[in-house]
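Secondary and tertiary structure notes
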Amino acid sequence: MVVEEPNSGENVEKTDSGTAVTEPTKIFTIEILHMIKDAQQQHGLRHGDYQRYRGYCTRRIRRLRKALKYPQGDKRHFKRRDVTLAHLTGKKADERYIHIPLISAERAWAYAMQLKQEANTELRKRFHLINKLRRACFYALQLQELCNTEVFDARTKLECEAYVAWMHGTLHFELQLWDSAGEHLKRAQVVYENLAKALPEDDQELYRAKVNEFTPNLRYCAYNISGGASGGKIDEILELRAQGVLENLDVLVSQTKTESSEGLQTIDWRGRKVTVRPEKVRLFLLSTQELDKSLAKTAKLDAKIELIERILMDCKDAIQAVRDEIKQDPKLRSLTTGQTVSGVQYLLAYLSYIRHSRTLQRNLCLVDQAKLNFDDPNQQQQTTQAQGDGKRVRPQDLARLYEIILQNVTEMQQITGMEEDAQYQSEVANLALTFKAFRCYYIALTLIDMKKWKEAVALYERASNYANESLKGHACAEFQLQAELKKMVSTIDGSKFSAHAYSVLEDDNSEDAGGVSTKSQKTTKPLYERLSQYKEDQSLHTRAPNVFKLTPDMEPIPCKPLFFDLAMNYVELPSLEDKLESPDKKGASITGFVKGFLGWGGGGNK
């Protein structure tokens, strides 16, 4: 707890006359939520790393005590020193003192959340978790006692009250004291709501996000307060499961009424009833029933996509549970042709169908989201501009989405155990024709952007044939797209003739281009190469006219022929040994020449 030191001389001065003059007290403003959220996002909690955040809090406290020269003992001895009101008043008042209990509470809370992650495998750590949350509440109460004084303004007091209520609500939530946990969390929620209303619009977003964080825990507390398995609202809990905010729904559903679980002992799909034995599959089927209600309540496409993706993750676990059961029974591993599909394999086929159909539903939501930013040139009379605020979508992007959808429909046709169901195969084939029609339509729009009119007309015709064939067939009851198909057929009827007219005009223009044209045309040939053709070239009036290429192109010319003497190796040359002088004679002749030249020797006597 906070202890006020009896040192009142810091805020009182004595004058010469002996009267005491009280100094004006400093008023501090601490934005607690902003401070802790910034620290959490920058030091590990963006990725759920509570250990890193706890280490940061420890270092921050050490730096604060060192900077404020307020250590707890020396190197050998520990002496506890809490922050008091005297540190926040007087000449040496510093708001950094209030950071010490706040960061201490954050450190204890981060340690508790770290232990909560590790308690899944080591149950004894839950006791340590509770102790750390109690320590966090202790430091939060210290913070509240300091903030309730006249040193801090009203905003700081409100933020501190909400922070303390949230910390106590977290502790009681882990202790499963649902009444007190709900009271504390509701109090924190109300305080943050009032703060958000009183603050400017730029600061309201953070507080509103914090208010939304309390909703899952409050609903969970309300469920347990209302009686749990005996009187709880199972619809709300299952909706939370669909939104992914409850991790321990398996325990909750096991405690609910036996009637709700017995209702899913068997499933009826396409005229056949199958017993559901794995518990994960029962829970998944319960949450699937509530998904459609959640999608109906949700208006935003992003939220719908998120809900479907979460249910797809649960579907993957349910399929794996059925496959594990099949592996345990050797008789179910292989299915021969003509053999009746067993109940477990039929259940696997049903779960696979749910996975593919929900994936198809998610992809259709992506298509609707893309159409908000797409300008259809064939429907400019109805819609002048796309309604979305994102990046403009091209027709080839929508064609790519429909290609992915077609791959999904192909996988639906190949579900094991449904190959001999003629009605099912007919419905899926009709669904494939529907999406082929949409794909051809958007490919045609892509070709129109590329000015390929003939190809666009052909694809318009193919899209119309696919659509008419799909309208004549047996439509799938789960995906009703007949209205969109009829609208597309009516659009194609007008767009097809427009594209055909453009193709005819293009042919006429290409024929006229063969004669003399008086229009200005751009060309890269110099003037001396096209003297027989008249074209208005604006570049001839510029400072660098394209009249003649000063550096002519290199042309190939014949090179000088090379002769190779191939017969030289076969010629027998005559011997020249008789004409070569011996080495002795050659030396004598040189000596005689020297003697005669110098005038001495035997030659002079002659």
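Going along each chain's sequence as written, the residues are numbered from 1 onward. Under the rules for a predicted model, residues below a pLDDT of 70 receive no local features and side-chain atom pairs below 80 are neither given nor counted, while totals for whole chains, interfaces and linings still include all residues. As a convention, hydrogens and water are excluded, and side-chain values are obtained from all of the structure's heavy atoms.

Quick word on the packing of aromatic side chains
The relative placement of two aromatic rings is captured by the distance of their centres and the angle of their planes. Here the aromatic set is Phe, Tyr and Trp, taking the six-membered ring for Trp, and pairing holds for ring centres within 6.5 Å; pairs whose planes are under 30 degrees apart are stacked, those over 60 apart are edge-to-face, and all others are tilted. Counting across every chain of the model gives 20 aromatic pairs. Ring centres 5.5 Å apart and planes at 80 degrees place the aromatic pair Phe 173 and Trp 178 in the edge-to-face group. When the centroid spacing of 5.2 Å and the interplanar angle of 75 degrees are considered together, the rings of Tyr 441 and Tyr 442 count as edge-to-face. For the exposure calls, accessible area comes from a 1.4 Å probe over protein chains only, and a residue counts as buried if that area is under 20% of its type's maximum, exposed if over 50%, partly exposed in between. For Tyr 442, a relative accessible area of 6% translates into the label buried.

As for the packing of helix α1 (residues 32–42) against helix α2 (residues 50–67)
Think of each axis as a best-fit line through the C-alpha atoms, taken over the contacting stretch in the case of a helix, with angles from 0 to 180 degrees between the N-to-C directions. The helix and strand labels rest on DSSP assignments: H or I over at least four residues marks a helix, E over at least two residues marks a strand, and numbering proceeds from the N terminus. Orientation of α1 relative to α2, taken along the N-to-C sense of each, is 120 degrees, at an axis distance of 9 Å. Taken as axis vectors, α1 and α2 run oblique relative to one another. With respect to the hand of their crossing, α1 and α2 are arranged in right-handed fashion. Contacts from Ile 36, Ala 39, Gln 40 and Gln 42 in α1 reach Arg 52, Tyr 53 and Tyr 56 in α2. Gly is put with the polar residues, along with every residue not named as nonpolar or charged; the nonpolar set is Ala, Val, Leu, Ile, Met, Phe, Trp, Tyr, Cys and Pro, and the charged set is Asp, Glu, Lys and Arg. Grouping the amino acids of the contact of α1 with α2 by side-chain chemistry returns four nonpolar, two polar and one charged. In this scheme, roughly parallel covers angles under 35 degrees and roughly antiparallel covers those over 145, while 65 to 115 is roughly perpendicular and the rest are oblique. For a crossing to be left-handed, the near helix must be turned anticlockwise from the far one by less than a right angle; the clockwise case is right-handed. Any pair of residues with heavy atoms lying within 4.5 Å of one another is described as a contacting pair.

A look at the nonpolar core
Counting 73 residues, the largest nonpolar core has Leu 285, Leu 347, Leu 351 and Phe 435 as the members making the most contacts within it. Those elements that place two or more of their residues in this core are β3 (266–269), α11 (279–297), α12 (301–328), α13 (343–371), α14 (395–413), α15 (422–449), α16 (453–472) and α17 (482–512). Looking at this core, you find at least three residues from each of domain 2 (264–373) and domain 3 (424–507). The set of buried Ala, Val, Leu, Ile, Met, Phe, Trp, Tyr and Cys residues whose side-chain atoms join them within 4.5 Å is what this entry labels a nonpolar core. Core analysis: the next-biggest nonpolar cluster, separate from the first, contains 63 residues, Tyr 53, Leu 85, Ala 108 and Trp 166 among them. An automatic or database domain assignment is the source of the domain bounds shown.

Examining the pattern of salt bridges
Any Lys or Arg side-chain nitrogen located within 4 Å of an Asp or Glu carboxyl oxygen qualifies as a salt bridge. One pass over the structure, following the stated rule, counts 15 salt bridges. In this structure, the salt-bridge partner of Lys 125 is Glu 118, at a minimum N-O distance of 2.6 Å. A residue is classified by how much of its surface remains accessible, and Lys 125, at 22% relative accessible area, is partly exposed. Of the charged contacts, one joins Glu 213 and Lys 210 as a salt bridge, the two residues approaching to 3.5 Å between their closest N and O atoms. Pair noted here: Glu 213 and Lys 210 are both in helix α7 (residues 201–225), with a separation of three residues, about one helical turn. Salt bridges here are not isolated pairs; linked through shared partners, they connect Glu 31, Arg 155 and Glu 159.

As for the pairing of β3
What you see with β3 is a clean split: Ile 267 and Trp 269 sit on the buried side and Thr 266 and Asp 268 on the side with no burial. By this definition, two strands are paired if DSSP reports at least two bridges between them. As paired strands, β3 and strand β4 (residues 272–275) are joined by four bridges and run antiparallel to one another. Following the sheet pairing, Thr 266 is matched in β4 by Thr 275. Where β3 hands over to β4, the hairpin turn is made up of two residues, of which Arg 270 adopts a positive phi near 55 degrees.

Quick notes on a positive patch on the surface
For patch building, the residue pool is restricted to those with more than 30% relative accessible area and no salt bridge; the joining distance is 9 Å between like charges and 5 Å between nonpolar side chains (Val, Leu, Ile, Met, Phe, Trp, Tyr). Each accessible area value is a Shrake-Rupley result obtained with a 1.4 Å probe; residue values ignore everything except the protein chains displayed when judging cover. For the purpose of charge, His is not counted, nor are the chain termini; Lys and Arg are scored as positive and Asp and Glu as negative. A charged residue contributes its charge at one atom only: NZ of Lys, CZ of Arg, CG of Asp or CD of Glu. Positive charge collects at one region of the surface, where Arg 52, Arg 59, Arg 62 and Arg 63 lie side by side. Summarising the element assignment, Arg 59 is placed in helix α2. By relative accessible area, which is 40% here, Arg 59 ends up partly exposed.

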